[in-house]
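Coordinates in review
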Amino acid sequence: MPPTAPTFAAGLRPASVIIPTLNEVRLIEPLLTRLRGTCDRLGLGLVVTDGGSTDGTLAIARRLADQVVVHPGQDRQTIAAGRNAGAAVAQGRVLLFFNADVTLPSDLDAFLVELIAAADRAGAATCRVAVAPGEARLDDRVVLGACNALFAAMNRVGLGMGRGECHAVRRDTFDAVGGYREDYAAGEDFDLYHRIAARQRAAGGPRVAFLWHRVVHEDPRRYRARGYARTMLDWFRNTVSVTFRNRSFSQEWESVR
């Protein structure tokens with residue numbers, strides 16, 4: 001029997017999937033095509049929020065998504081602002097944020113149902129992120145494996161951590177913490193989960209759920225272009241700056257396409 005998404009209040013979808021994009025024509029169509037079928041079967045919304053693509057991304061998004069939100073300004077939109085724009089129009093009880101470069105599990109229906117249920121119980125949920133086995137090198141397995149172990153441990157002790165490749169947040173929790181901080185060029189994913197975890201601790205609520213047995217695969221383009229040393233240094237600087245200075249270290253997050 002196929003999985004069935006939870007039923008929530010009248011007028012709300014069980015969840016909305018939100019995909020931020022910027023010149024993702026190489027990767028976006030396979031992702032949206034798969035999500036289109038699953039969203040139709042489970043009654044989920046599919047929202048693309050675009051930062052100003054010029055490469056054909058929008059034509060694909062308008063064909064496959066329920067809603068497309070386009071950044072109206074000439075300034076560079078942060079991914080945090082893009083995600084917030086998607087959340088503003090989404091009609092789901094749970095907000096599922098995925099980056100445009102991910103490959104989702106083969107049992108996508110079951111994965112989304114599980115992610116929705118986990119976020120509904122805990123306020124927020126996430127999972128491991130890795131490079132697809134066919135592309136993964138030893139350094140991918142070592143570095144990202146260590147990151148996944150660290151992030152899982154942080155959630156277990158109630159500190160909160162989630163990568164932007166896979167965020168699932170109950171809408172009332174998202175609204176209560178004010179969504180993503182739009183002035184953060186980087187580190188916005190960690191910051192959101194840090195604030196959610198702090199709210200949960202203060203209320204005596206559950207810890208953010210980390211689904212260790214689940215994994216989404218990301219495109220390794222950033223690691224190939226910049227290397228792990230530079231990428232991890234950027235992550236570290238932004239995490240420290242967000243934690244102790246309430247602002248991102250990076251003034252702009254470099255696009256790698």
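All of these numbers come straight from a predicted model, not from anything done at the bench.

About the cut-offs
- Residues numbered from 1 in each chain as written.
- Predicted model: local features only at pLDDT ≥ 70, side-chain atom pairs only at ≥ 80, totals over all residues.
- Heavy atoms only, no water.
- Helix = DSSP H or I, 4+ residues; strand = E, 2+ residues; numbered from the N terminus.
- Rg over C-alpha atoms; globule rule 2.2 N^0.38 Å.
- Buried < 20%, exposed > 50% of the residue type's maximum accessible area, 1.4 Å probe, protein only.
- Contact = heavy atoms within 4.5 Å.
- Areas by Shrake-Rupley, 256 points an atom, 1.4 Å probe, with all protein chains shown as cover.
- Lys, Arg positive; Asp, Glu negative; His and termini not counted.
- Charge placed at Lys NZ, Arg CZ, Asp CG, Glu CD.
- Core = buried A, V, L, I, M, F, W, Y, C linked by side-chain atoms within 4.5 Å.
- Salt bridge = Lys/Arg side-chain N within 4 Å of Asp/Glu carboxyl O.
- 1 Å grid on protein atoms, 1.4 Å probe; cavity = no way out; pocket = protein on both sides within 12 Å on 5 of 7 lines; lining within 4 Å.
- Points joined across faces, edges and corners; volume = space filled by probe spheres on them.
- Nonpolar A, V, L, I, M, F, W, Y, C, P; charged D, E, K, R; others polar.

Quick notes on the overall build of the protein
Scanning the protein from terminus to terminus reveals eight helices and eight strands. Radius of gyration (C-alpha) of the protein: 17 Å, near the 18 Å computed for a compact globule of 257 residues. On the principal axes, the C-alpha backbone points of the protein span a range of 45 × 45 × 40 Å. A burial count over the protein gives 55% of its 257 residues as buried. Here the contacts in the protein between residues at least 6 apart in sequence split such that 76% fall between residues at least 24 apart. Carbon and sulfur atoms make up 55% of the accessible area of the protein, which amounts to about 11400 Å² in all. Averaging the coordinates of the 33 positive side-chain charges in the protein and doing the same for the 28 negative ones gives two points 4 Å apart.

So, the nonpolar core
Judged by nonpolar contacts, the single largest core of 39 residues is most densely connected at Ile-19, Leu-96, Phe-98, Phe-111 and Leu-112. At nine residues, the largest contribution of residues to this core is made by helix H4 (residues 108-122). Among residues more than four places away in sequence, those in contact with Ile-19 are Ile-28, Leu-31, Leu-32, Leu-35, Leu-46, Val-47, Val-48, Thr-49, Phe-98, Asn-99 and Ala-100. Among the nonpolar cores identified, the runner-up in size contains 17 residues, and Ile-18, Phe-97, Tyr-180 and Tyr-193 belong to it.

Brief notes about the pattern of salt bridges
Counted according to the given criterion, the structure contains 18 salt bridges. We note a salt bridge from Arg-195 to Asp-191, for which the minimum N-O separation is 2.9 Å. Placement of the pair is Arg-195 and Asp-191 together in helix H7 (residues 188-202), with a separation of four residues, close to one helical turn. Each member of the pair, Arg-195 as well as Asp-191, carries the same accessibility label: buried. Several salt bridges converge on common partners, so that one network encompasses Arg-36, Asp-40 and Asp-66.

Focus: the environment of Val-94
Counting through the fold element by element, Val-94 comes out in strand S4 (residues 92-98). Separated by 77 residues in sequence, Val-94 and Val-17 have C-alpha atoms that sit 8.6 Å apart. When near neighbours in sequence (up to four residues on either side) are disregarded, Val-94 contacts Pro-14, Ala-15, Ser-16, Ile-116, Ala-119, Val-169, Arg-170 and Arg-171.

Section: the layout of surface pockets
Where empty space is left can be seen by rolling a probe of water-molecule size over the atoms. Computed from the structure, the second largest pocket encloses a volume of approximately 190 Å³. Looking at the second largest pocket, it is lined by 14 residues, and the ones nearest its centre are Leu-27, Pro-30, Asp-101, Val-102 and Thr-103. When residues of the lining of the second largest pocket are traced back to their parent elements, those giving at least two are helix H1 (28-42), strand S5 (102-103) and strand S8 (209-218). Here the lining of the second largest pocket takes three residues from H1, the largest share from any one element. Residue composition of the lining of the second largest pocket, by class: seven nonpolar, two polar and five charged.

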